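# Observations on the model geometry
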Amino acid sequence: MQRYISSSKERPTVSKDDIHHIKNVMRERRGDAFEIVFDQKIYKMEITSLEPFSYKIVDIDSTNNELNNDITLFYVLSKGDKNDFVIQKATELGVKRIVLLTSSRSVIKMNQEDFDRKKIRYERIIKEASEQSKRNVVPEIIGLYSINDIPSSLLCDDNYVAYEKEDGKTSFLYEELKKITNESLSVLIGSEGGLSEEEVECLIKQGFKSISLGKRILRTETAAIYALSILAFMLERK
C-alpha cells in the first residue's frame, strides 16, 4: 500500500503533488486505500471521491518502523549527484538527521545560500525515500557547517569518524556497538579527498572516536551506506 507523509502538522492530509501521484501515477480509484503518516502514526485512508478528491480514515496503526536509537549522519559534501544519493540511502537506512559539512579537501564548494536553495530538493528526496521505506518520521537535514566548527548541540551521546588511516580492523567498532543501549549515535564520513590529520585531531578533541570501516578504501558514498548499514544491523538485532 502506498504511503505518504502528511503535508500538515495539524491533521493527516496529503499535498497536491501527492494527490496527483495517487490519481495519475498509482491510478487509484474510489474505494482504494492508501496510508498517511501523521504524528508517527499510520492512518489507513479510503478514497471516497476522485473529483473533488476526498478520503476518510478507516484505521490507525501504531506500528513503529524506526530504529530505537537516533542516528545522525555527518556528511562532507561530494561532487556530482553523490549528495542526493547518500541523502536518499541514509533516509532508507533509518537516520534521524543528516548534517552536511565542508572540509579542506572538499571537491565541491557550497555556501550557505547554495545550501538553502538546494535544501528544497534535498527535503523532497528525503520525503520520497521516507515514504518508500515505510518510515514513521521524516529525517531532518541541516547545514552548512565547517568540519572544524560543528556545534556541540548537534553531537550525539557517541560520535564516530570513519578514517582511512585507522587500523583496518573493525573489532573496535563492533565492541563499541555491542555496548550501546539507548544512546544516540553519529558517524562522520569525509569527501573524495578524505580527511586531513588536523581535521581528525580536531574531531577527536570534540569527542569523536576514530574508526575503521575495513581494510579497503571505500568511495565516500559507499562508506556512508556501509557505516549506516552496520549501525542499523547492530542496533536492530537487540
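Figured I'd write up the structure that's included with this text. Residue numbers here run from 1 along each chain, matching the order of that chain's written sequence. pLDDT decides what is reported in this predicted model: residues at 70 or higher carry local features, side-chain atom pairs at 80 or more are listed and counted, and totals for whole chains, interfaces and linings draw on all residues regardless. Each side-chain value is worked out from all heavy atoms of the structure, with water and hydrogens disregarded.

Spatially, the six strands line up as an open sheet ordered E7-E6-E5-E9-E8-E10, and their pairing is parallel. Each having just a single partner strand, strand E7 (140-146) and strand E10 (208-211) make up the two edges of the open sheet. Between one strand axis and the next, the sheet turns by 25° as a mean value, whatever way the strands run. Alignment of strand E8 (residues 158-162) against E10, held across four bridges, turns out to be parallel. From the neighbouring strand, Ala162 faces E10, where its bridge partner is Ile211. Should any heavy atoms of two residues lie within 4.5 Å, those residues are counted as being in contact. Axis definition: a line fitted to C-alpha atoms, over the contacting stretch in the case of helices. Angles run 0 to 180 degrees between N-to-C directions. Secondary structure is summarised from DSSP: a helix means a run of H or I of at least four residues, a strand means a run of E of at least two, and numbering begins at the N terminus for each. Contacting E8, strand E9 (185-189) and E10, helix H4 (residues 171-178) runs over the sheet at an angle of about 135° to E10. The pairing criterion for strands is at least two bridges between them, as found by DSSP.

The next thing to look at is the side chain of Asn83. Within the fold, Asn83 resides in helix H2 (residues 82-92). Among residues more than four places away in sequence, those in contact with Asn83 are Tyr75, Leu77, Ser78, Ile108 and Tyr122.

Attention now goes to empty space enclosed by the protein. A probe as big as a water molecule, rolled over the atoms, marks out the empty space that is left. A cavity, in this analysis, means grid points on a 1 Å lattice covering only the protein atoms where a 1.4 Å probe fits yet has no way out; a pocket is instead an open set bounded by protein on both sides within 12 Å along at least five of seven lines, and a residue lines either one if it has an atom within 4 Å of a point. Grid points are joined across faces, edges and corners, and a volume is the space filled by probe spheres set on the points. For the structure on display, the rule yields one cavity of 30 Å³ or more. As for the largest cavity, its lining consists of Tyr160, Leu173, Val187, Ile211, Ala227 and Leu231. By residue class, the composition of the lining of the largest cavity is six nonpolar, no polar and no charged. Note that Gly is not counted as nonpolar here; it falls among the polar residues with everything else outside the nonpolar set of Ala, Val, Leu, Ile, Met, Phe, Trp, Tyr, Cys and Pro and the charged set of Asp, Glu, Lys and Arg.

So, on to the environment of Tyr4. Tracing the backbone through its elements, the reader meets Tyr4 in strand E1 (residues 3-5). Among the residues examined, Tyr4 registers a relative accessible area of 2% and is labelled buried. In this structure, the C-alpha to C-alpha distance between Tyr4 and Tyr174, residues 170 residues apart in sequence, is 36 Å. Each residue touching Tyr4, except ones within four places of it in the same chain, is listed here: Val14, Asp18, His21, Ile22, Met26, Phe34, Glu35, Ile36, Val37 and Glu131. Exposure categories follow from relative accessible area, calculated using a 1.4 Å probe and restricted to protein chains: below 20% of the type maximum is buried, above 50% is exposed, and the middle band is partly exposed.

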